[in-house]
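Commentary on secondary and tertiary structure
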Amino acid sequence: MNAKIHRHEFADKLTLADRLARAVAATLDAAVQARGKATLAVSGGSTPKTMFAVLAEQEIDWSKVTVTLVDERWVGADSDRSNARLVADHLLHHEARKATFRPLFDAAHADDVDAALADVGARVDALGLPFDVVILGMGGDGHTASFFPGGDHLSEATDPAGRATVASMRADGAGEPRITLTLPRVLDTRALYLHIEGADKKDVLARAEAGEDLPIRSVLTHARVPVDVYWAP
C-alpha cells in the first residue's frame, strides 16, 4: 500500500456517525475559513444516512459549501434508487439546507448515460480542484464509487493516469447503468474518508490491503492524502 491509512474504530454505528460527521464538518469549516468556500463529494447507499443527519446539524457556513456525488445510478431524482434523493432526504436539512447541491444525473440525457459524460464532466470540473472532502463507501464485493468488479469501464475509471473526470459503468452488481467520478478525480481531494460498517467489510478491506485485486485497492494504492477509515461493527 502506498497511502497512509488512519483507522478510527468505534463500538457502535451511532458513535461512528457522530465522530465522522464532526470531523467532516471541521474540515469543511477550515476550508471555508481559509479559502472562502468548500466542496464535498459524498457517496450513496444506506450506510451514510445517520452520518448525513448528524452532519446536517453542524453549525458551519453551509452557504459556502457545494455538495456533489462520487457516483450515481442513472435514474431521476424521484427514484428511491437515486443518490441525489438520498442526499436531499438526509443531508440537505437543518443547517445544511443552505448548501449548494450539484447532482450528476442529467435529465437531458436520461436514456443514455454515455451521451451525458461530457456535460457532467464539465459541471464537475467547474467545481474546481481539488475537493476539500471526499467520503467513500465500500460494498461487500470491494467496490467503491462505481468501480465494480467486472465493470465494463473499470480499467478506464481506475486508471491513475486517466484524464477523464467521469466514466459510465455497467456491471452485474451495479443494477442500473451508473456514472462515477474517475479514480484521479476521487483522489484529487484535501481529505479522504472511507466509511464502512460490519465485520464483513472490515475483512474485505483487509483483503484489499493484503494485495487482493479488489477495486478499493486502487484507492489505497494511489491516494495522495491519508485515507481516514471510519469503522464500526
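What this report covers is the structure whose coordinates are included nearby. For clarity, every value in this text was computed on a predicted model and none was experimentally measured.

Basis of the calculations
- Residues numbered from 1 in each chain as written.
- Predicted model: local features only at pLDDT ≥ 70, side-chain atom pairs only at ≥ 80, totals over all residues.
- Heavy atoms only, no water.
- Helix = DSSP H or I, 4+ residues; strand = E, 2+ residues; numbered from the N terminus.
- Expected span 1.5 Å × (residues − 1).
- Buried < 20%, exposed > 50% of the residue type's maximum accessible area, 1.4 Å probe, protein only.
- Polar contact = N/O pair within 3.5 Å; in protein donor to acceptor, adjacent residues only side chain to side chain.
- 1 Å grid on protein atoms, 1.4 Å probe; cavity = no way out; pocket = protein on both sides within 12 Å on 5 of 7 lines; lining within 4 Å.
- Points joined across faces, edges and corners; volume = space filled by probe spheres on them.
- Nonpolar A, V, L, I, M, F, W, Y, C, P; charged D, E, K, R; others polar.
- Pairing = 2+ DSSP bridges.
- Axes fitted to C-alpha atoms, helices over the stretch in contact; angles between N-to-C directions.
- Contact = heavy atoms within 4.5 Å.
- Phe/Tyr/Trp six-rings, centres within 6.5 Å; stacked < 30°, edge-to-face > 60°.

Turning our attention to helix 1 (residues 13–35). Under the 1.5 Å per step criterion, the end-to-end length of helix 1 is 32 Å for 23 residues, consistent within 8% with the ideal 33 Å. Within the span of helix 1, buried status applies to Leu16, Ala17, Leu20, Ala21, Ala23, Val24, Ala25, Leu28, Ala31 and Val32. The residue sitting at the N-terminus of helix 1 and contributing the capping side-chain oxygen is Asp12; that oxygen lies 3.1 Å from the backbone nitrogen of Leu14. Gly36 sits one or two positions beyond helix 1 and adopts a positive phi of about 80°.

Attention shifts here to the layout of surface pockets. Of the pockets and cavities examined, the largest pocket occupies roughly 340 Å³. Here the second largest pocket defines a volume of roughly 190 Å³. Every residue along the wall of the second largest pocket is listed here: Gly45, Lys49, Arg73, Asp80, Arg81, Ser82, Asn83, Arg85, Leu86, Asp89 and His90. With five residues, the single largest contributor to the lining of the second largest pocket is helix 3 (residues 83–90). Here the lining of the second largest pocket is built from residues that sort into one nonpolar, four polar and six charged.

With that out of the way, let us pick up the environment of Glu57. Relative to the elements of secondary structure, Glu57 occurs in the loop between helix 2 (49–55) and strand 3 (65–69). Considered as a pair, Glu57 and Arg22 are 35 residues apart in the sequence and their alpha carbons are 9.7 Å apart.

With that settled, the discussion passes to the sheet that holds strand 8 (residues 178–181). The strand order 4-8-7 describes an open sheet built from three strands, whose pairing is antiparallel. In the strand order of this sheet, the two ends are held by strand 4 (71–73) and strand 7 (166–169), each with one partner. Taken pair by pair, the neighbouring strands of this sheet meet at an average axis angle of 20°, ignoring direction. The strands that helix 4 (residues 113–125) touches are strand 7 and strand 8; relative to strand 7, the one it contacts most, it runs at about 150°.

As a further point, take the packing of aromatic side chains. Under the definition given, this model contains three aromatic pairs. Relative to Phe105, the ring of Trp74 lies with its centre 4.8 Å away and its plane at 55°, an arrangement referred to as tilted. Taken together, the positions of Trp74 in the loop between strand 4 and helix 3 and Phe105 in the loop between strand 5 (100–102) and helix 4 put the pair 31 residues apart, joining distant regions of the chain. With respect to class, Trp74 is no different from Phe105; both count as buried.

Strand order in the open sheet formed by seven strands is 1-10-9-6-2-3-5, and the pairing between neighbours is parallel. The outermost strands of the open sheet, each flanked by one partner alone, are strand 1 (5–9) and strand 5. In this sheet, neighbouring strand axes are inclined to one another by 20° on average, regardless of whether the strands run parallel or antiparallel. Relative to strand 10 (residues 227–232), strand 9 (residues 192–197) runs parallel, the two being bridged by six bridges. The partner of His195 across the bridge, within strand 10, is Tyr230. Its contacts with the sheet place helix 1 against strand 2 (38–42), strand 3, strand 6 (133–136), strand 9 and strand 10, and it is angled at close to 170° to strand 9. Sheet strands in contact with helix 7 (residues 199–209) are strand 1, strand 9 and strand 10, and its direction is about 130° off that of strand 9.

Attention shifts here to the side chain of Thr68. If you trace the backbone, Thr68 turns up in strand 3. Look past the residues within four positions of Thr68 in its chain and what remains in contact with it is Leu40, Ala41, Val42, Phe101, Arg102, Leu104, Leu127 and Phe131.

What follows deals with empty space enclosed by the protein. A complete count under the given rule lists one cavity of 30 Å³ or more for this structure. When its volume is computed, the largest cavity comes out at roughly 40 Å³. Together, Thr68, Arg102, Pro103, Leu104, Val120, Arg123, Val124 and Leu127 line the largest cavity. Per-element accounting of the lining of the largest cavity gives the leading share, three residues, to helix 4. Its residues placed into classes, the lining of the largest cavity shows five nonpolar, one polar and two charged.

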